[in-house]
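Coordinate analysis (summary)
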Amino acid sequence: MAAGGGNNAIDANTLVRRLKALYSHWREQRDELWGSCNAFAVATPPESQNIRYLKSSSLNIWLLGTEFPETIMFFSDKKIHFLCSQKKPSLLFDVVKKSAKEAVGVDVVMHVKAKNDGGSTQMDSILRTVESLDSPVLGVIAREAPDGELLEKWAEKLKSSGLQLNDISNGLAHLFAVKEAGELTNVKNAAYLTASVMKLFVVPKLEKVIDEETKVTHSSLMDYTERTILKPPIKIKAKLKAGGNVDICYLPIFQSGGKFDLKPSASSNDDLLYYNNYCANLARTFLIDSNAAQSKAYQVLLKAHEAALGALKPGNKACLVYKAALAVIEKEAPELTANLTKSAGTGIGLEFRESGLTLNEKNDRVLKTCMVLNVSLRFQNLQTKSSKAKSQNYALLLADTVIITADGHQVVTALSTKSFKDVAYSFNDGEQQLSDEKAPMRVVESKRNELLLYSKATTLRSSDNHEMSCKEERRRQHQAKLARQKNDETAQRLAGGGSISSAIGDGRSSSRTSNDLIAYKNVNDLLPPTRDRKLMIVVDQRNESILIPLYGCMVPFHISTVKTVSSQSDTSVNCYIRIIFNVPGAPFSSKSVVKNQQTDIFLKEVSFRSKDSSHISEVVQQIKRLRRNVSSRESEKAERASLVTQEKLRVLAAGNNNNKFIKPMRLTDVWIRPPFAGRGRKLPGTIEAHDNGFRYGTSRNDERVDILFSNIKHAFFQSAEKEMITLIHFHLYNHIMVGDKKTKDVQFYVEVMDVAQTLGGGSSKRSAAAYYDPEEIEEEQRERDRKNKMNMDFQNFVNLVNDLSKFKSLDLEFDQPLRELGFHGVPHKASAFIVPTSSCLVELIETPFFVVAPSEIEIVNLERVGLGQKNFDMAIVFKDFKCDVLRIDSIPCTSLDGIKEWLDTTDIKYYESRLNMNWRAILKTIIDDPKNFVDEGGWEFLNLEAASDSDSGEESDQGYEPSDVEPESESEDDDGSDSASLDDEEEDEEEGSEEEEGKTWEELEREATNADKEKGVEESDSEEERKRRKLKAFGKSRVGPSSSSGPKRPKFTRCISPSIADIMLMRWLWLNLERNHPLLE
């Protein structure tokens, strides 16, 4: 049995808290539950590969956080003794000694036995301590048989000591019954993982086996379920940490064919799971072609199970749970009372069955808050009439894991439905007809965990269409509920002005005004005049100013006051330079640079003439370069000024024993996005996890980035499967600077293989044998190995970071994309694969990155849906109405149903429209008049289903007008032939007229010939001329579909009155092309 998490570190705070609870419970309940013992000993057996539940192991895990095999623990009022091997004292002594003294004021004595020593001397020392007590009574776990050499010798010592030995199992069971918050979390995680395996893997597997009539053994189904459970949680779409802390506590067991054993033992149907050593149980019975009696029996059991759950309240006695279930059965089906088991479940936690909390008629123990129970009801040894011997005997079982809360109870396995319609399967057996009394059955994704199959099935009767319609109806009802909630929420937020004022400003501080622009503080700072630059334009790089000669004086201007500078030459002799300044009132002037006052005089522009064109060009370049550098510096300064001041990174230094880690965890040779600025060669770096954040750096001293845990909003890990890179990505609360770039998204990645490779080894032709070149096969294998190694390195780093206490205290955990739910779209300029995670919708491969959390979304509008479109668009409206609407364009319609399902699952209200909306105008209207928006129904104006029938017939100025188009059949292709398009066009032109119709092509050809003769058309045209004219006409007639017209079929361009000759010419050319053109073959 795997240890929880695989970490032997002892949590001192937990040890202190639980030592206090242990001694307090023992001292208060000594006579009632602890056998009146004044000392007790617990001996832990050696490790075993078999699945087992022992109170000795449970006490180890509960108290110390992990199991210490072959260890004897002795507890008394004054001392705690440990007898163990030489390896364990270093793990136990320091922490336990200090914690025991602090918690209960007892000393810790460590007895260490040598490798080949049986520990007899040390055992005698412990027993002498017991014998020195007044009226010594030693408590032991009586039902645990000694296992291993150490425990067998200890049992012999106890037997020969003559001490009074009393059982303390009840005391330990009562001690474990009430769970702490961390224990409840582990139980919930185990239950959630169990339900996920059932829903997504076990039930679909069973349905496939039944539908295809595949013969499978119970053992193969067990192996499949076990492999699924042991996969990383992200593979089964469960947001739980992977690595060592998830395992099964009973092997999955499938039963069918009339042989059933419902006891939770080795042959039970319980498919259980534990998370960090805490168990959860969930049992379901699936009915296959059940008759009326079987259906009634299940429904009675379901009512009894619900009644038992209703009796789970703090203050109630445990016996009331069983009595509530029994009362329902006696009322609904008294004949089934004899088939009901004598218990309604047990306590569950570190042990699968906590004996002190059995839910039977005799247990008067009072239920308390934070107790965890496995409520299990069973009908066994039931019989029904059937022509098949294996179907005559059947049994029914339901079980859930339940937590007692202050106001009642919480069913943590409620994700698994147990309603009759969700667990009943109907098939076309051909042997017997279904009774009319049977309720309608349908195939749904039912949940977990115990599977009870009792007949051989053939084909599923429930159709996919019926299932989809039911699914759509549930989704529609949920969306209607979300619409009401969303409109109420939006109305409240608008009433308080919460969404009108944007919470996200531009983050820039105001630029300096003209009063702040000082070129020179005093005269001494001016450049000394020289003969060469007297009355010449001078650029002062140091003081960021230019000196301009005006009326014989050098007048300084700060470079920020210059708007543009240009040069021009009119002749070969003269050259001009023109400088335009920023002034108030000028078009597009920077109002923040110049401040208009009544006493100020502004110079708008100056022009100078010079005969030295090279000097003029040099001055212009100097001014532009200085202006560009100053502008760039001020922009970066403004961005840095808007950054939020963060705490300093606490670096873990190697050799510092005060820290939990001697050296920080790290990933080497990784790249960063956005990259550092500079024209030099880019270098990979190392990311390290320190006490309160991450640090990334390269070999260059100026290339360093610190990311604090407190600034991380979302963390993602994406392994390379179909991509070329493996990455970890951080989406931040506040911007940070990466080099000179301000960003909220920072990514660290490594390329698992070269993005660009030369195919064929550089040769233009490859032989057939080259495709089977052993060297190329070895190269491909090396690439796969490198890919797997990189993925594993990143996965290990992520797992270690997830276990950091500072990381977990901020409720942070690396999320992984669910590729099965992904879809293609264009969020920016390029197509990308967008995938949801358990907390966000992300695209982390292409830049700019795409990260949107459902908590930030107001609504989603799916646009251009219907009308035979191949693609549609998604518009995401944020709760902050001043933020631009985020669009994802060109999403394939095949992804529409999956997107709807994901939006509905994450409680996001979505609408559908046939046109793209002008969201800027809509949001501006809402911001300007929020009261009117609320009064008119909020977002319901987007609801197409609520629109009246009269509105659906009105023509839209912007949309598609199908009124003049013949309805297309299902088999008609969008890219129909041009002749069909011509027919449709002629029908459109002649609609409503009484023109004669039905003329054949021969009649039209004769009319065209006669018309040409009347016009005097010569028939002696050359062959080249006829071909040229025909191709010209054909080119004019073939007009493809407009890019903005959606799915309209291609048609010919409308003409006012085409002549019959033109029509015949196009027809003749089309027939010839159809026969001879290579593209139309």
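Starting from 1, residues in each chain are numbered consecutively following that chain's sequence as written. Per-residue local features are limited, in this predicted model, to residues with pLDDT of at least 70; the limit for side-chain atom pairs, both in listing and counting, is 80 or more; totals at the level of whole chains, interfaces and linings are taken over all residues. Side-chain figures throughout are based on the complete set of non-hydrogen atoms in the structure, without hydrogens or water.

Helix and strand definitions here come from DSSP, where helices need a minimum of 4 consecutive H or I residues and strands a minimum of 2 consecutive E residues; each element is numbered from the N-terminal end. If you tally the helices and strands in the protein, you get 23 helices and 36 strands. Across the protein, the fraction of contacts at a sequence separation of at least 24, relative to all contacts at a separation of at least 6, is 67%. In these tables, accessible area is a Shrake-Rupley quantity obtained with a 1.4 Å probe, and a residue counts as shielded only by the protein chains included in the view. When the accessible surface of the protein is split by element, carbon and sulfur atoms take 49% of a total near 58300 Å². Pairs of residues are marked as contacts when any of their non-hydrogen atoms sit within 4.5 Å.

A separate point is a negative patch on the surface. Residues E47, E70, E149, E152 and E156 make up a contiguous surface patch of negative charge. Topologically, E149 is positioned in helix 5 (residues 149-161). For the exposure calls, accessible area comes from a 1.4 Å probe over protein chains only, and a residue counts as buried if that area is under 20% of its type's maximum, exposed if over 50%, partly exposed in between. Exposure remark for E149: the relative accessible area of 60% places this residue in the exposed category. Each patch is built from salt-bridge-free residues with over 30% relative accessible area, joining like charges within 9 Å and nonpolar side chains (Val, Leu, Ile, Met, Phe, Trp, Tyr) within 5 Å. Salt-bridge detection follows one rule: a side-chain nitrogen of Lys or Arg within 4 Å of a carboxyl oxygen of Asp or Glu. All tallies of charge rest on Lys and Arg as positive and Asp and Glu as negative; His and the ends of each chain are not included. Each charge is placed at NZ for Lys, CZ for Arg, CG for Asp and CD for Glu.

Bringing the sheet that holds strand 16 (residues 538-540) into the picture now. Pairing is antiparallel across the open sheet formed by three strands, whose spatial order is 16-17-18. With partners counted over all chains shown, the strands left at the sheet margins are strand 16 and strand 18 (553-558), one partner each. The average undirected angle you get between the axes of adjacent strands in this sheet is 30 degrees. Only strands that DSSP links by at least two bridges are regarded as paired with each other. Here strand 17 (residues 545-550) runs beside strand 18; their pairing, made up of six bridges, is antiparallel. Residue pairing in the sheet places S545 in a bridge with H558 of strand 18. Angles run from 0 to 180 degrees between N-to-C directions of axes, and those axes are lines fitted to C-alpha atoms, restricted for helices to the stretch in contact.

Quick look at the pairing of strand 28 (residues 741-751) now. In the case of a regular strand, side chains alternate between the two sheet surfaces. By the bridge criterion, three bridges tie strand 22 (residues 665-673) to strand 28 in an arrangement that is antiparallel. Across the sheet, I672 pairs through a bridge with F748, a residue of strand 28. Sheet topology places strand 27 (residues 725-738) next to strand 28; 10 bridges connect them, and they run antiparallel. Looking across to strand 28, one finds that V738 is bridged to K741. Connecting the antiparallel pair strand 27 and strand 28 is a turn made up of two residues, with G739 showing a positive phi of about 70 degrees.

This part takes up the pattern of salt bridges. On inspection of all chains with the given rule, the structure shows 40 salt bridges. Its salt-bridge partner being R18, residue E183 comes within 4.0 Å of it at the nearest N-O pair. Of this pair, E183 sits in helix 7 (residues 181-211) while R18 sits in helix 1 (residues 12-28), and the two are 165 residues apart along the sequence. The residues E183 and R18 share a single accessibility class, namely buried.

Here we come to helix 14 (residues 774-802). Its 29 residues give helix 14 an end-to-end C-alpha distance of 42 Å, which sits within 8% of 42 Å, the value for a rise of 1.5 Å per residue. Inspection of helix 14 places E783, K787, M790, N791, F794, Q795, F797, V798, N799, V801 and N802 among the buried residues, and these make up the whole buried set. Helix span is expected to be 1.5 Å times the residue number reduced by one.

For the rest of this paragraph, the subject is the packing of helix 1 against helix 2 (residues 55-64). Remark: helix 1 packs on helix 2, axes separated minimally by 8 Å, with the N-to-C direction vectors making an angle of 130 degrees. Between helix 1 and helix 2, the interaxial angle falls into the category oblique. Residue-level contacts link L15, R18, L19, A21 and L22 of helix 1 to I61, W62, L63 and L64 of helix 2. Side-chain classes are defined by residue name, with Ala, Val, Leu, Ile, Met, Phe, Trp, Tyr, Cys and Pro counting as nonpolar, Asp, Glu, Lys and Arg as charged, and the others, Gly among them, as polar. Among the residues making up the contact of helix 1 with helix 2, the classes are represented as eight nonpolar, no polar and one charged. In what follows, roughly perpendicular refers to angles from 65 to 115 degrees, roughly parallel to angles under 35, roughly antiparallel to angles over 145, and oblique to any angle outside these ranges.

Moving on: the side chain of R378. For R378, the location among the structural elements is in strand 12 (residues 372-383). Here R378 falls in the buried class, since its relative accessible area comes to 12%. Under the rule applied, a polar contact is a pair of N or O atoms within 3.5 Å (in protein, one hydrogen donor and one hydrogen acceptor; residues adjacent in sequence only if both atoms are side-chain atoms). Separated by 3.5 Å, the side chains of R378 and S376 make a polar contact.

Let's shift gears to the environment of L320. Counting through the fold element by element, L320 comes out in helix 10 (residues 319-332). In the structure, L320 is positioned 42 residues away from K362 in sequence and 9.6 Å away in space, judged by C-alpha atoms.

With that settled, the discussion passes to the packing of aromatic side chains. Centre distance and the angle of the planes are the two values used to describe a pair of aromatic rings. Here the aromatic set is Phe, Tyr and Trp, taking the six-membered ring for Trp, and pairing holds for ring centres within 6.5 Å; pairs whose planes are under 30 degrees apart are stacked, those over 60 apart are edge-to-face, and all others are tilted. Following the criterion strictly, the structure yields 21 aromatic pairs and no others. Considering the side-chain rings of W62 and F176, the 5.7 Å spacing of their centres and the 55 degrees angle between planes classify their relative orientation as tilted. With W62 in helix 2 and F176 in helix 6 (residues 169-177), this pair connects stretches of sequence that are 114 residues apart. For W62, a relative accessible area of 5% gives the class buried. Residues F709 and F807 carry aromatic rings whose centres are separated by 5.3 Å and whose planes lie at 80 degrees to one another, so their mutual orientation is edge-to-face. Linking F709 in the loop between strand 25 (704-708) and strand 26 (712-718) with F807 in helix 15 (residues 805-809), this pair joins segments that are 98 residues apart in sequence. As far as the burial class goes, F709 and F807 line up, both buried. Geometry around W26 places R30 over its ring, the cationic atom sitting 4.6 Å from the centre. Both a distance and an angle decide whether a charge sits over a ring: NZ of Lys or CZ of Arg must be within 6 Å of the ring centre and within 35 degrees of the ring normal.

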